[in-house]
Amino acid sequence: MSQPSQAIRAALLLLWTVGWSVLLVELGVRVYFSIRVGPDVMLWGTSWHRDRARQRFMRGQNVFEHDNARPGYSKYFPGQERIDVDRTGTPFAVAINRQGFRGRDYSLPKPHATLRVVALGASSTFGFGNREDETYPFALEHLLNERLAGSPCRDFERAEVINLGIPHLDSLELAALFAAEGQAYEPDAVTIYSGYNNTRGLGQISISKSWSRHLLAVNFLRVAIQESASVSKPQLVAERGPRTRAFVAGLDRILDLSRRRGIAVLPIAQQVRALSAETILELDLGYEQEMEILERKLAASGELTLLEAKVLIHRSLTRALRQWAEDNGLELIDGIALLDSRRDLLATYVHLTPLANELLALAIADGLARQFGCPQLATAF
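What you are looking at is a predicted structure, and each value in this text was computed from that prediction instead of being measured.

1. Brief notes about the pattern of salt bridges
Okay, so step 1: As enumerated under the stated definition, the model contains 22 salt bridges in all.
Okay, so step 2: We note a salt bridge from E181 to K75, for which the minimum N-O separation is 2.8 Å. Of the two residues, E181 sits in helix α5 (residues 171–182) while K75 sits in strand β2 (residues 73–75), which places them 106 residues apart along the sequence.
Okay, so step 3: R116 is paired through a salt bridge with E160; the nearest N and O atoms lie 2.6 Å apart.

2. Some words on the confidence of the model for the protein
Okay, so step 1: Averaged over every residue, the pLDDT of the protein is 87; residues scoring 70 or more account for 83%.
Okay, so step 2: Scored below 50 in pLDDT, residues 50–60 shows 24 contacts in the model against residues more than four places distant or in partner chains.

3. What about the sheet that holds strand β7 (residues 189–193)?
Okay, so step 1: Taken together, 5 strands build an open sheet; the order of strands is β6-β5-β7-β9-β11 and the sheet is parallel. The sheet terminates laterally at β6 (158–163) and β11 (333–334), the two strands that pair on one side only.
Okay, so step 2: Relative to β11, strand β9 (residues 264–269) runs parallel, the two being bridged by 2 bridges. Of the residues in β11, the one forming a bridge with A269 is D334.
Okay, so step 3: Against the sheet, α5 makes contact with β5 (114–121) and β7, and its axis sits at roughly 145° relative to β5, the strand it touches most.
Okay, so step 4: This element, helix α13 (residues 354–372), spans β5, β7, β9 and β11 of the sheet and lies at about 150° to β9.

4. Some thoughts on unusual backbone geometry
Okay, so step 1: Of note, the bond from L108 into P109 is cis; its omega dihedral lies within 30 degrees of zero at 0°.
Okay, so step 2: You can see P109 is positioned in the loop between β4 (91–95) and β5.
Okay, so step 3: Positive phi values are uncommon outside glycine, yet A113 reaches one of about 60°.
Okay, so step 4: Structurally, the position occupied by A113 is in the loop between β4 and β5.
Okay, so step 5: A relative accessible area of 11% means that A113 is categorised as buried.

5. Notes on the pairing of β6
Okay, so step 1: For β6, the tally of buried residues reaches 5 of 6 residues, placing the bulk of the element in the interior.
Okay, so step 2: By the bridge criterion, 6 bridges tie β5 to β6 in an arrangement that is parallel. If you follow T114 over to β6, its bridge partner there is R158.

6. Re the environment of H314
Okay, so step 1: Within the secondary structure, H314 sits in helix α11 (residues 306–327).
Okay, so step 2: In this structure H314 comes out as buried when scored by relative accessible area, which is 1%.
Okay, so step 3: What H314 contacts, discounting residues up to four positions off in sequence, is G195, Y196, T199, Q270, V272 and Y287.

7. Regarding the pairing of β7
Okay, so step 1: With 5 of 5 residues buried, β7 is to be regarded as a mostly interior element.
Okay, so step 2: With burial as the criterion, each face of β7 is covered, one bearing A189, T191 and Y193 and the other bearing V190 and I192.
Okay, so step 3: When β5 meets β7, the two strands line up parallel, connected through 5 bridges. Bridge pairing in β7 links G121 to Y193.

8. Observations regarding the packing of helix α8 (residues 233–260) against α11
Okay, so step 1: Where α8 meets α11, the axes come as close as 9 Å, and the angle between the chain directions of the two elements is 40°. One finds that α8 runs oblique with respect to α11. Note on packing geometry: the crossing formed by α8 with α11 is right-handed. Contacts between α8 and α11 involve L236, E239, R240, R243, T244, F247, V248, L251, D252 and L255 from the former and A309, L312, I313, S316, L317, A320, L321 and W324 from the latter.
Okay, so step 2: A breakdown of the residues in the contact of α8 with α11 according to their chemical character gives 12 nonpolar, 2 polar and 4 charged.

Conventions used here
Residues numbered from 1 in each chain as written. Predicted model: local features only at pLDDT ≥ 70, side-chain atom pairs only at ≥ 80, totals over all residues. Heavy atoms only, no water. Salt bridge = Lys/Arg side-chain N within 4 Å of Asp/Glu carboxyl O. Helix = DSSP H or I, 4+ residues; strand = E, 2+ residues; numbered from the N terminus. pLDDT = per-residue confidence, 0-100. Contact = heavy atoms within 4.5 Å. Pairing = 2+ DSSP bridges. Axes fitted to C-alpha atoms, helices over the stretch in contact; angles between N-to-C directions. Buried < 20%, exposed > 50% of the residue type's maximum accessible area, 1.4 Å probe, protein only. Parallel < 35°, antiparallel > 145°, perpendicular 65-115°, else oblique. Left-handed = near helix turned anticlockwise from the far one by under 90°. Nonpolar A, V, L, I, M, F, W, Y, C, P; charged D, E, K, R; others polar.

So this is what it looks like as structure tokens:
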């Protein structure tokens, strides 16, 4: 037998061995999790599993999935229905309108005598884990209309708040979305609830998401690596500056576009947490107190978990946001101060519960009242 033939046989034997090993590992993982979680796990990665389980992470239905690519950002395709789950794990449908955003359809151009607000943001604005009537843009529109009813202000007899929140978008992508589509709604004001997504990609791992959608063992490995990932102090220090500059560049772009059209800009400071809700409640930690704990941990150990590192970078972004608002003469809606004594109202590290959304809507309404000189829009004067 020739040497090349032997080499080919050896290579084929190796591939066969590796293939069967991977198959056995995958089968073992599926059997284990089918016992622990449920038998439908055996169908992980197939259309049958996705259709039966209706999980929030299934491709094409998850509210975080959007691939309607535009110049500089992505959004949903018009008229889709997505699936989300509430805090109890109960699935519910999320409708995407004809413009590719959450909520009802809004006309172009703006209707007469209408105070129109465009809400820019990512998953917290979109309302991850919130039903349609539990998001802060919905609550704000309802609140403004309730207060304008029978008591017009200036030329405003009614209000519309358009939810342009798209999960994952950072400030530069929000600026691209606002330039391409947000301005077309002829808003009187734009709110910006952004920050955390400018930490996206920090500590990124190399395991493909595509493989993890179909192979449970790969997905388990990917999650395990992600959960145990750490960011060193030199990495964190190196990332802070560029990410802060990119964040502010996006804000500058939105402000520039708004001022050209006479649109009021209301930036909002975003509350986040890295520690568990139980720890925060037990130690009664506000935002800055938690940040100091993370800074001390970084100084002592030289590294943080991925979430801790992202949240600590968020502190730098928040400081930049406050300075940016001051430099540009803008009122900042302080969502951090608003929720600092009620951080249990954070459903996750950054997403809001329905009550937190209501409180945020009240604060934004107060800001709009001051912006337009409309006392009846405010909670109290």
